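Residues per chain are reported as follows:
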Amino acid sequence: MMFRLFELFRGYFRINMVRFLAYRVETVIWLVGMILPPVVFLSVWQSAAQQAGRSLAGFSRGDIATYFIAVMLVNHVTQAWAVFLWESYVREGYLSYVILRPNPVMFQDFAENVAFKVATLPVMLLTAVGLAATFAPTLHWKPWAVVAFIPALLLAFALRFTVDWITATWAALNMTKVDAVNVLFFFILLMTSGQMAPLPLLPRGIQMVANALPFRWMLDFPVRLLMGRVGTEEALIGFAAQAGWLVAMTGIGFVAWRSGMRKFTAVGL
Amino acid sequence: MDLLLLFFKLGFVTEAEYRMNFYLHVFETSVKFITGISVLWVVFSQTKSIGGWSWDELMVVLGLWFITSGLINMVIAPSIKQFMTDVWKGTLDYVLTKPENHQFMASARKVAIFQVIDLLIGISVLSTALVRLGAVIGVEQAIMFSLALFSGGVILYSFWVSLGTLAIWAVKLENLVLVFFAMFEAGRWPAGLYPFWLRYSLTFLVPVGLAITVPSEALLGRLHWSTVLLSSAWAVVTFFASAWFFNFGVRKRYMGASA
Amino acid sequence: MIRSIKGTARGIKSALHLQDLSKTYKVHQRKFGVRAALKSLVYRDYKVIQAVQDVTFDVAPGEVVGFLGPNGAGKTTTIKMLSGLLYPSHGEARVLDYDPWRRQREFLKRITLIMGRRNQLVWDVPAIDSFEFFRIIYGIPQADYKSMLDEMVALLDLEPLLYKPVRNLSLGERMKCELAGALLHRPEVLFLDEPTIGLDVLAQYRFRRFLGEYNRRYGATILLTSHYMGDVEELCHRVVFIDQGRMLFDGSIVALAERFLPYKTLQLRTRGGADLSAYGEVISRVGDMITLRVPKKDTLQVLARLVAELPIEDLNVSDPPITEVVKHIYTLKEAALAIA
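Structural notes, computed from the coordinates. Each chain has its residues counted from 1, running along the sequence as written. Each chain takes a letter, starting from A, and each ligand takes a number, starting from 1, following the order in which they are written. Thresholds applied to this predicted model are a pLDDT of at least 70 for local features of residues and 80 or more for the giving and counting of side-chain atom pairs; totals over whole chains, interfaces and linings are not thresholded and use all residues.

With respect to the interface of chain C and chain A
Our working rule: The contact rule is simple: place each C-beta atom from the backbone, and if two of them lie within 7 Å, those residues are in contact. Every helix listed is a DSSP run of H or I at least four residues long, and every strand listed is a run of E at least two residues long, numbered separately from the N terminus. Only Asp, Glu, Lys and Arg are considered charged, only Ala, Val, Leu, Ile, Met, Phe, Trp, Tyr, Cys and Pro nonpolar, and every remaining residue, Gly among them, polar.
Taken together, the 25 residues of chain C in the interface contact 24 residues of chain A. Residue assignment for the side of chain C that touches chain A shows that the elements contributing at least two residues are α3 (75-83), α4 (105-110) and α5 (127-137) of chain C. At five residues, α5 of chain C tops the list of elements feeding residues into the side of chain C that touches chain A. Residue composition of the side of chain C that touches chain A, by class: 14 nonpolar, five polar and six charged.

Written out as structure tokens, the structure reads:
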């Protein structure tokens, strides 16, 4: 059984790898869109810190650089794009075939996701080195935090992938509303995940909202853990929150998928 | 002019096709607007000014950003995307056999009418910011602003026409369009905040800086005439260059889908 | 080693079983113009479309059935219900004794769906990469995969196509690869929705010949829709004809002609341009070659009269081509609609 799963994963991984290599230029171009936003916020916050002439909520200019370079990398690893994938399935009339394959659709998308990341990771790492040379980041490692970062990163990925999957299932049923949902999703992610600023820099109100939502555990938590800015107690709370949200979202995802497919097969594709 | 009106009308009919689309677009634009304001608000909760720009001055940039983005998304981007599709499918033949100016047809053929909302938001943000700044805009500043904005618009337009024409050589360009919008997002902030490589690519590679930062500076009276004149000259050059390029591409290189 | 599919399907009486199968959709409709567009912002009209209505038939294992009907008759909807993409509104569909809509893994491994207008091969990479991919997702053992691939390559002449990106292939070449890819897991039931659309005559011929061969070799059940009657004539002994979601006919091609166009076609050459309308309906006259349509039951009688009364040089009697039959059914329908 495990071997079969591994075989399957290898199959999906391989075909997607071949695909990304055929689309080299497009893939690199797509990366520009992933690199630019962290660089913009990095520049903005560094200017702000310079203007203020002090560190902001304990973040010096160098810390800000470290934070956003790490955000770029963690964001890359945890990124999920099932919504786009499904839209292209529908547009290209490929969805029927995807559904009729004798493997779970989620598994197919998961393998595609991992293949893309592995294919593009070298470019991202090179970019990170280039940014480090430009923005002078500061480093304060704590060995235990770096070790703890690995499971935090994986949990963050699992959580984000699941949430994205729920959105995609819903969106595929409501194609005309996809853009609107994306815009809203983008807004919430931007404000509460740590994409635009480390959470301690955000106004109290937004921090409270962020605490009530799953998104900060997808980005802000692993990044600040890596930077050694999270205490042991906060780290444990973080892991618990990640695990709790993951369980809840998996449950919701299961229901969403079931009812989504029921509706699919009622209205046609 | 009649033609443009007709395109507008057709645009309205196609968009109203889906009742939801209208409400959805209002919703999307509002969220985009709230996003823009919120980001500024968060940054200004930590500082009074950034890179020498105050809150209200950045609202001027945001307003102009919405206006520019509204204009691009209303007419230019949908038409040029359609042009790219036409090149790909070979249906450009239908455009070329119509007795109208082909470049005009290619760049103003499809109108996404709901983008008017973005324009309106942009204008209101801009005027509110200006009132709050109490900017007494002199005649000179007004002229500089108009010139800079017009030049910026022309440069962006020429950029898009060239991008579309490129499709005649390299067919898969949808991704370039995506990159344009990614870089365009960076135009929400004054280009001066960025490290030099990004600043220069925002000025020359994707001329967002010229279209947004420069007119904002003109309005706030921070601009030398030399920059305005340079921008205008650049506009003239790019306009004619892109028109030549378009004609060259369409007349000499376009061979239909079978090519 | 070739595993016979007949063996696994032996226990089943019918490969496909449809009982009162029905499907309804709700569609939003709007009139043209700015005013109507504005109006639809406020409220919208729905129309219930009965896409498929009480379709009932059975297909035995190994049978090849042509599924005919004009555009929008409900053919694709039926095929989608049978392959598990759509859930029936009413009635029953069973394929190989499975409920298709459950899409169980074992079920999906035993069927295949080919749509002439849609690709499942990955567009920008060579077909062989997609094939390898299918091998893994269908869990085809290496040995079976190799023998099946070799067989396909030989039958469809794929060798020169395998290593080129799919986007660089012509439509005919691409369809051959699509077909091969869809059959690698050796499905027992094939749903083909206009598989030959857009292909040239030779490519169509090869496609059919291959399908026929596959059917003979593996005893696979095939349900085929097509607008090219050549496909149907060559492959299917039986046709099911539906229109506006309802079944009009189920039987052999010969019976279809008997039922809807019970005529014989007489082609004859005579000296002098005699008026033959007294003998039957004159369909065409090219030079001194005349084509007549005569009711089937009168054929012998008319022939006798013709031979006796006219100086005939050449004579040929045939059934009307199936294209004629189908065209005739479509026209009948239009006439019926005009009256209603």
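So that's the structure; there's more coming.
Observations regarding the sheet that holds strand β7 (residues 221-225) of chain C
Remark on secondary structure: sheet strands pair via backbone hydrogen bonds, oriented parallel or antiparallel. Residue and element names in this part refer to chain C. Here is the rule: For two strands to be treated as a pair, DSSP must find no fewer than two bridges joining them. Whenever a helix is involved, its axis is fitted only over the stretch in contact; in every case the axis is a line through C-alpha atoms, and angles between N-to-C directions fall within 0 to 180 degrees.
Read from one edge of the open sheet, six strands run β5-β6-β7-β3-β8-β9, paired in mixed fashion. Unpaired on one side and paired on the other, β5 (111-115) and β9 (246-252) mark the two borders of the sheet. Taking the axes of each pair of neighbouring strands and ignoring which way they run, one obtains an average angle of 15° across the sheet. Sheet strands touched by helix α10 (residues 253-260): β8 (238-243) and β9. Its angle to β9, the strand with the most contacts, is close to 120°.

What to know about the pairing of strand β12 (residues 289-295) of chain C
Consecutive side chains of a regular strand alternate in pointing toward one face of the sheet and then the other. Residue and element names in this part refer to chain C. As a reminder of what qualifies: Neighbour counting defines burial: a residue surrounded by 20 or more other C-beta atoms within 10 Å of its own C-beta is buried, one with 12 or fewer is exposed, and intermediate counts give partly exposed, using backbone-placed C-beta atoms.
Of the two faces of β12, the one holding Ile-290, Leu-292 and Val-294 is buried and the one holding Met-289, Thr-291, Arg-293 and Pro-295 is not buried anywhere. Sheet topology places strand β10 (residues 263-270) next to β12; seven bridges connect them, and they run antiparallel. Across the sheet, the residue bridging to Leu-266 is Leu-292, located in β12. Strand direction decides the pairing type here: strand β11 (residues 281-286) and β12, joined by five bridges, are antiparallel.

Examining the pairing of β11 of chain C
Of all the six residues making up β11 of chain C, zero are buried; the element is thus mostly uncovered. Taking the residues that link successive antiparallel strands as the turn, the β11 of chain C-β12 of chain C hairpin has two residues, and the phi of Gly-287 of chain C there is positive, at about 60°.

Observations concerning the packing of helix α3 (residues 61-78) of chain A against helix α6 (residues 105-135) of chain A
Residues and elements named next belong to chain A. Note the threshold: Orientation labels follow simple angle bins: below 35 degrees gives roughly parallel, above 145 gives roughly antiparallel, 65 to 115 gives roughly perpendicular, and whatever is left gives oblique.
Packing of α3 against α6 leaves a shortest axis separation of 10 Å and a crossing angle of 175°. With respect to each other, α3 and α6 are oriented roughly antiparallel. Mapping the contact onto sequence places Ala-65, Ile-69, Met-72, Leu-73, His-76 and Val-77 in α3 and Lys-117, Met-124, Ala-128, Leu-131, Ala-132 and Phe-135 in α6. Taken together, the residues that form the contact of α3 with α6 break down as ten nonpolar, one polar and one charged.

Some points on the interface of chain A and chain B
The partner chain B presents 33 residues to the 31 residues of chain A that form the contact. Element by element, the count of residues in the side of chain A that touches chain B is highest for helix α2 (residues 24-52) of chain A, at 14 residues. Considering only residue class, the side of chain A that touches chain B consists of 22 nonpolar, six polar and three charged.

Focus on the environment of Ala-220 of chain C
Within the secondary structure, Ala-220 of chain C is located in the loop between α8 (201-218) and β7. On the neighbour-count criterion, Ala-220 of chain C (26 C-beta atoms within 10 Å) is buried.

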